[in-house]
Amino acid sequence: TELLNASIKYALDNSFADNEFSCWFDNCGITGKGWLEVLHSYNNSKDIVFGDIFINSLPPLMIFEDPKATRYDAQDCDYIIKASWISQKVSEERYEVDQNVESFINDERLSGTSDKIIQQLANLQNKSIRLLEMYYKEMRTFYYAVVDGTPLRFSSIEEATNAAGSQGFVIARKSPVVKVA
């Protein structure tokens, strides 16, 4: 627990978390929802071994929740989409997309798509493209071998059973795993 607390304090101190929490609080007060994003980066990192951890407050209108969700805290969402605008230069560098905005708009795969939707995906004036990141949950069963009161997590029943041996026992639990598309 001490190591975890020290790690969290280090991340908070190095990411100007107070400012981000303040923005998040403002967003909650104005729109009723606020979103925080935790990023791990090795680019221009102060710590070349472990990288840097950043906390960002996201504008609430960047996030699209599953419309079938009923809980306010979004715990029953099957997916959440983060939409952000990126420049053509960034899309070429980060995602190795060598397609310019004009050719993206005129791509034959978008034929039949309304102009209004295309305008929401690409901006010719700013030469930018809208990046949609979809985070979705997948239920997965994890197996815990409990030996001498210490739980160890495994992805297969065989591994858990072998680890538990004759002195421990195995528990199966379903947990959501977040994936990105």
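Going by the structure above, here's the rest.
Structure report, in brief. Just so we're clear, the structure is a prediction, and the values are computed from it rather than from any experiment.

Attention now goes to the overall build of the chain. Assigned secondary structure in the chain consists of six helices and eight strands. The N-to-C order of helical and strand elements in the chain reads α-α-β-β-β-β-α-α-α-β-β-β-α-β. In the chain, which comprises 181 residues, the proportion classed as buried is 28%. Of all intrachain contacts in the chain linking residues separated by at least 6 positions in sequence, the fraction that spans at least 24 positions is 52%. Surface exposure of the chain reaches about 13,200 Å², of which carbon and sulfur atoms provide 55%.

Next up on the list: helix 2 (residues 17-31). Look at helix 2: 21 Å from first C-alpha to last across 15 residues, which is about the 21 Å you get at 1.5 Å a residue. Where helix 2 is concerned, the buried positions are A17, E20 and N27. Along the axis of helix 2, the buried positions cluster into a sector of 80°, meaning they face one direction only. For helix 2, exposure combined with an orientation more than 90 degrees from the buried face picks out D18, F25, G29 and I30. The inward-facing, buried residues of helix 2 abut helix 1 (2-14), strand 1 (35-41) and strand 2 (52-58). Positive phi shows up at G32, right after helix 2, with a value of about 90°.

Before going further, it helps to examine the environment of W35. Here W35 shows up in strand 1. Overall, W35 belongs to the buried group, its relative accessible area being 17%. For the pair W35 and N56, spaced 21 residues apart in sequence, the C-alpha separation works out to 8.4 Å. Residue contacts for W35: discarding those within four places in its chain leaves W24, N56, S57, L58, P60, I63, E65, A74 and I80.

If you trace the backbone, K33 turns up in the loop between helix 2 and strand 1. Accessibility expressed as a relative area gives 18% for K33, which makes it buried. At 2.8 Å, the side chain of K33 forms a polar contact with the side chain of E65. Sequence-distant contacts of K33, that is, excluding residues within four places in its chain, are made with N27, C28, P60, E65, Y72 and A74.

Turning our eyes to something else, we now look at the pattern of salt bridges. Considering all chains together, one arrives at four salt bridges under this definition. Residue K33 is joined to E65 by a salt bridge in which the shortest nitrogen-to-oxygen separation is 2.8 Å. Of this pair, K33 sits in the loop between helix 2 and strand 1 while E65 is found in strand 3 (residues 63-65), placing the two residues 32 residues apart along the sequence. Exposure remark for E65: the relative accessible area of 27% places this residue in the partly exposed category.

To continue, consider the pairing of strand 7 (residues 150-154). Two elements, strand 6 (residues 128-147) and strand 7, share five bridges in a ladder whose sense is antiparallel. The residue bridging Y143 from the neighbouring strand is F154, located in strand 7. From the end of strand 6 to the start of strand 7, which pair antiparallel, there are two residues, and D148 there has a positive phi angle of about 55°.

The rules behind the values
Residues numbered from 1 in each chain as written. Predicted model: local features only at pLDDT ≥ 70, side-chain atom pairs only at ≥ 80, totals over all residues. Heavy atoms only, no water. Helix = DSSP H or I, 4+ residues; strand = E, 2+ residues; numbered from the N terminus. Buried < 20%, exposed > 50% of the residue type's maximum accessible area, 1.4 Å probe, protein only. Contact = heavy atoms within 4.5 Å. Areas by Shrake-Rupley, 256 points an atom, 1.4 Å probe, with all protein chains shown as cover. Expected span 1.5 Å × (residues − 1). Arc of directions from axis to C-beta. Polar contact = N/O pair within 3.5 Å; in protein donor to acceptor, adjacent residues only side chain to side chain. Salt bridge = Lys/Arg side-chain N within 4 Å of Asp/Glu carboxyl O. Pairing = 2+ DSSP bridges.

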